[in-house]
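Observations on the model geometry
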Amino acid sequence: MKTYAVGGAVRDALLGLAVQDRDWVVVGSTPEAMAALGYAPVGKDFPVFLHPQTREEYALARTERKTARGYKGFAVQADPSVTLEEDLARRDLTVNAMAVPEALAHEAPAAWAGQIVDPYDGQKDLKAKVLRHVTGAFAEDPVRILRLARFAARFADFSVADETMALMRQMVEDGEVDHLVPERVWQELAKGLMSDKPSRMLEVLHGCGALKVLLPELDRLWGVPQRAEYHPEVDTGVHMMLVMDMAAHLNMPLSVRVACLLHDLGKGSTPADLLPRHIGHEGRSVKLLQKVCDRLRVPSDCKELAEVVAREHGNIHRSADLNAEAVMRLLERCDAIRQAERFARVLQACECDARGRLGFADAVYPPATRLLKAQQAALSVETAPIAQAAAQAGLKGPQIGDRITQARVLAVRQVQG
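A brief structural summary. Fair warning: this is a prediction, and the values are worked out from it, not measured in the lab.

**Considerations on the side chain of arginine 355**
- The topology assignment puts arginine 355 in helix α16 (residues 340–355).
- For arginine 355, the side chain forms a polar contact with the side chain of glutamate 351, separated by 2.8 Å.
- Arginine 355 has contacts with Met246, Leu250, Phe360, Ala361, Asp362 and Ala363, leaving out every residue within four places of it along the chain.

In structure tokens, the structure reads:
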């Protein structure tokens, strides 16, 4: 029985990155032997066990054989005869297919000289900054396309090997991506969106054709022109990627990044004779993103924020031209009084949209300051005395609401100057 640290822990240590957790592979053992040592089994599909003290996962070396389409159609063989090299062969990328003996795993990489098990040249690809599949078995699991795209977003200066991109295109053509379940797609997309360079994930998925299958509404944005005086980058797909990278640059939460991703979907369905203008794209974007969120089972907070941003981002950008009454109506449509914290996130997404344009990355975004000031003015109005006085005057329901709105409009007007 021999134990090795494998995968991301080895990769990250060689890159000089902090190792968050370690995965372990045990060669030459059985479930019974693991249980006898106090390891607790995890699940039923794979021979994985929790260490009795550290609670880290230890998996028996195994091979996997494709038995059906999708990412669950595998037959697993795990017995003492499976070698470490055979186990590493089932992994996705060469940079993830390296192992180090357990005794050295907690040492600095300098102590690993001559001890790294690397049958697929992961160290070579790590130095060359290349993401390359290990074997043709990569094609057996469509989730690996999503994982590779996510790695491309995390390691933005790595390129994808030509042969790996060709293999992913073939997987898409063979219909493998069609069998991915929504929950797994969302899980991988969400991780990629939270990376330092989410545009790389989208670029890879678009390049191999997977985005057209998983998010056709988003894929349609590439090649759609916008007015150059407002969008020097012109291409709507390029704009979307700039917006996503701005959201990452500003360290925005997931809900804001989802709103940024989906805010312009309607531009992909603008009639050709109207281009490069996109009249009414906001309403089309809302309808499309609702379908996307329902299909991928996106969390409700992300969906609801995205709906507001898609519908109102143009009005927010142009809010300097609005009088106090119009600003109050905008705040009400954004539910900025009842959901004050969410409105701040709406404005964050709009700032990413405005700065996610060629040449605007360092621009200030006055609408955010202006509208937050208006929101605070509206929130400062004490509504109870107004409601009480209106009720005493014989007013009811909507009439009382109108009095409160009038007071808020007055407060907004005062801060507008």
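So much for the structure itself; the text now carries on.
**Quick look at the packing of helix α7 (residues 182–193) against helix α8 (residues 198–208)**
- Relative orientation of the contacting elements α7 and α8 amounts to 135°, with a least axis distance of 7 Å. With respect to each other, α7 and α8 are oriented oblique. When α7 is examined against α8, the residues Glu188, Leu189, Gly192 and Leu193 are found in contact with a partner set consisting of Pro198, Met201 and Leu205.
- Looking at the contact of α7 with α8 residue by residue, the class counts come to five nonpolar, one polar and one charged.

**Points about the layout of surface pockets**
- Approximately 1400 Å³ is the volume attributed to the largest pocket.
- Every residue lining the largest pocket is counted, 43 residues in all, and those nearest its centre are Asp23, Arg62, Arg90, Arg147 and Arg184.
- The element contributing the most residues to the lining of the largest pocket is helix α5 (residues 143–154), with six residues.
- Space inside the second largest pocket adds up to approximately 630 Å³.
- Put simply, the parts of the chain that give the lining of the second largest pocket at least two residues each are α13 (281–296), α14 (300–317), α16 and α17 (366–379).
- Classifying every residue of the lining of the second largest pocket gives eight nonpolar, eight polar and nine charged.

**Concerning the sheet that holds strand β3 (residues 40–42)**
- Pairing is mixed in the open sheet, where six strands are placed in the order β3-β4-β5-β2-β1-β8. In this open sheet, the two strands that pair with only one neighbour each are β3 and β8 (99–101). Neighbour-to-neighbour, the strand axes of the sheet open up by a mean angle of 35°, direction not taken into account.
- Where β3 and strand β4 (residues 48–50) come together, three bridges link them in antiparallel fashion. Within the sheet, the bridge partner assigned to proline 41 lies in β4 and is phenylalanine 49.

**Some thoughts on the nonpolar core**
- If you look at the biggest cluster of nonpolar residues, it comprises 95 residues, and the most contacted ones within it are Ile145, Met168, Leu205, Leu218, Met240 and Ile316.
- Per-element accounting of this core gives the leading share, eight residues, to α5.
- What leucine 205 contacts, discounting residues up to four positions off in sequence, is Ile145, Leu146, Ala149, Leu189, Ala210 and Leu211.
- Judged by nonpolar contacts, the second largest core, of twelve residues, contains Val25, Ala61, Val82 and Ala97.

**Considering unusual backbone geometry**
- Cis peptide bonds are those with omega within 30 degrees of zero, and the linkage from leucine 275 to proline 276 qualifies with 5°.
- Relative to the elements of secondary structure, proline 276 occurs in the loop between α12 (254–262) and α13.
- The backbone phi angle of arginine 55 is positive, close to 65°, even though this residue is not glycine.
- The phi angle at valine 234 is positive, at roughly 65°, despite the residue not being glycine.

The rules behind the values
Residues numbered from 1 in each chain as written. Predicted model: local features only at pLDDT ≥ 70, side-chain atom pairs only at ≥ 80, totals over all residues. Heavy atoms only, no water. Helix = DSSP H or I, 4+ residues; strand = E, 2+ residues; numbered from the N terminus. Polar contact = N/O pair within 3.5 Å; in protein donor to acceptor, adjacent residues only side chain to side chain. Contact = heavy atoms within 4.5 Å. Axes fitted to C-alpha atoms, helices over the stretch in contact; angles between N-to-C directions. Parallel < 35°, antiparallel > 145°, perpendicular 65-115°, else oblique. Nonpolar A, V, L, I, M, F, W, Y, C, P; charged D, E, K, R; others polar. 1 Å grid on protein atoms, 1.4 Å probe; cavity = no way out; pocket = protein on both sides within 12 Å on 5 of 7 lines; lining within 4 Å. Points joined across faces, edges and corners; volume = space filled by probe spheres on them. Pairing = 2+ DSSP bridges. Core = buried A, V, L, I, M, F, W, Y, C linked by side-chain atoms within 4.5 Å. Buried < 20%, exposed > 50% of the residue type's maximum accessible area, 1.4 Å probe, protein only.

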